[in-house]
Amino acid sequence: KLKRSEMYGKYLADKRQLKRELRLQRAKEAEELGQDVQQSKAVPRTLDNTREQEPTTVRHDDDEVALDEAEDEFAAYFADEIRPKIMITTRPRPSRELFHFIADLMRFFPKLYYYPRRSYSI
């Protein structure tokens, strides 16, 4: 077991040394070509930069989309001009912990209204 541990440690050290030598060799080659080592790093391939652009994709600076968002019925809510009203109710027989939770919610959200359910059907 000790021999195996020593061999594995030697393997890891050799692997680190090889990796270091390759890194130094790449830096030396880049320096010979006159490139900055930090800027010559390859850009990783991601889903976003490998995606083919579709003609139906909406751009951020599209005027039509901006007008649609301005005329949207919820635009005033998203622009924070109007605070939404929130109604909350409970199950028919709520627990004590649920009332504490509702009280916490009422402290955090303005215009939150609680109506007890009692025996009414929804």
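Since this is a predicted model, take the numbers as computed values, not measurements.

**Student:** Tell me about the overall build of the protein, and please be specific about residues and values.
**Tutor:** When you go through the protein residue by residue, the secondary structure sums to 5 helices and 2 strands. In the protein, the succession of helices and strands from N to C terminus is α-α-α-α-β-α-β. For a compact globule of 122 residues, the expected C-alpha radius of gyration is about 14 Å, and the protein comes in at 31 Å, more than 25% above that figure. Taken along the three principal axes of its C-alpha coordinates, the protein extends 75 × 60 × 25 Å. In the protein, the share of contacts with a sequence separation of at least 24, taken over all contacts with a separation of at least 6, comes to 57%. Approximately 12400 Å² of the protein is accessible, and the part contributed by carbon and sulfur atoms is 54%. Each charge sign in the protein was given a centre, from 24 positive and 23 negative side chains, and these centres are 17 Å apart.

**Student:** Got a sec to walk through the side chain of T90? Specific residues and values, please.
**Tutor:** Locating T90 in the fold gives a position in the loop between β1 (86-88) and α5 (96-108). Not counting residues up to four positions away in its chain, the partners in contact with T90 are L98, I102, Y114, Y115 and R117.

**Student:** Give a description of a negative patch on the surface that names residues and reports values.
**Tutor:** A cluster of like negative charges, contributed by D61, D62, D63, E64, D68, E69, E71, D72 and E73, occupies part of the molecular surface. For D63, the position within the fold is in helix α3 (residues 63-70). When its relative accessible area of 60% is taken as the criterion, D63 is described as exposed.

**Student:** Explain the pattern of salt bridges to me, and be specific about the residues and the numbers.
**Tutor:** If you walk through the whole model with that rule in mind, you get 3 salt bridges. Between R51 and D48 there is a salt bridge, with the nearest N and O atoms lying 3.1 Å from each other. D48 gets classed as exposed once you look at its relative accessible area, which sits at 57%. Here R107 makes a salt bridge to D104, at a shortest N to O gap of 2.9 Å. On the criterion of helical spacing, the pair formed by R107 and D104 is a turn pair, its members being 3 residues apart in helix α5.

**Student:** Mind laying out a nonpolar patch on the surface, listing which residues take part and the relevant values?
**Tutor:** Together, F74, Y77, F78 and I82 make up a nonpolar patch on the protein surface, roughly 440 Å² of accessible area in all. Tracing the chain through its elements places F78 in helix α4 (residues 75-78). For F78, a relative accessible area of 70% translates into the label exposed.

**Student:** So what's going on with the packing of aromatic side chains? Residues and values would help.
**Tutor:** One pass over the full model with this rule turns up 3 aromatic pairs. Between F74 and Y77 the ring centres are 6.1 Å apart and the planes differ by 45°, which places this aromatic pair in the tilted class. Overall, the relative accessible area of 36% leaves Y77 in the partly exposed class. Centre to centre, the rings of F99 and Y114 are 6.2 Å apart; their planes meet at 90°, and the pair counts as edge-to-face.

Calculation criteria
- Residues numbered from 1 in each chain as written.
- Predicted model: local features only at pLDDT ≥ 70, side-chain atom pairs only at ≥ 80, totals over all residues.
- Heavy atoms only, no water.
- Helix = DSSP H or I, 4+ residues; strand = E, 2+ residues; numbered from the N terminus.
- Rg over C-alpha atoms; globule rule 2.2 N^0.38 Å.
- Contact = heavy atoms within 4.5 Å.
- Areas by Shrake-Rupley, 256 points an atom, 1.4 Å probe, with all protein chains shown as cover.
- Lys, Arg positive; Asp, Glu negative; His and termini not counted.
- Charge placed at Lys NZ, Arg CZ, Asp CG, Glu CD.
- Patch = residues over 30% accessible without salt bridge, like charges linked within 9 Å, V, L, I, M, F, W, Y side chains within 5 Å.
- Salt bridge = Lys/Arg side-chain N within 4 Å of Asp/Glu carboxyl O.
- Buried < 20%, exposed > 50% of the residue type's maximum accessible area, 1.4 Å probe, protein only.
- Phe/Tyr/Trp six-rings, centres within 6.5 Å; stacked < 30°, edge-to-face > 60°.

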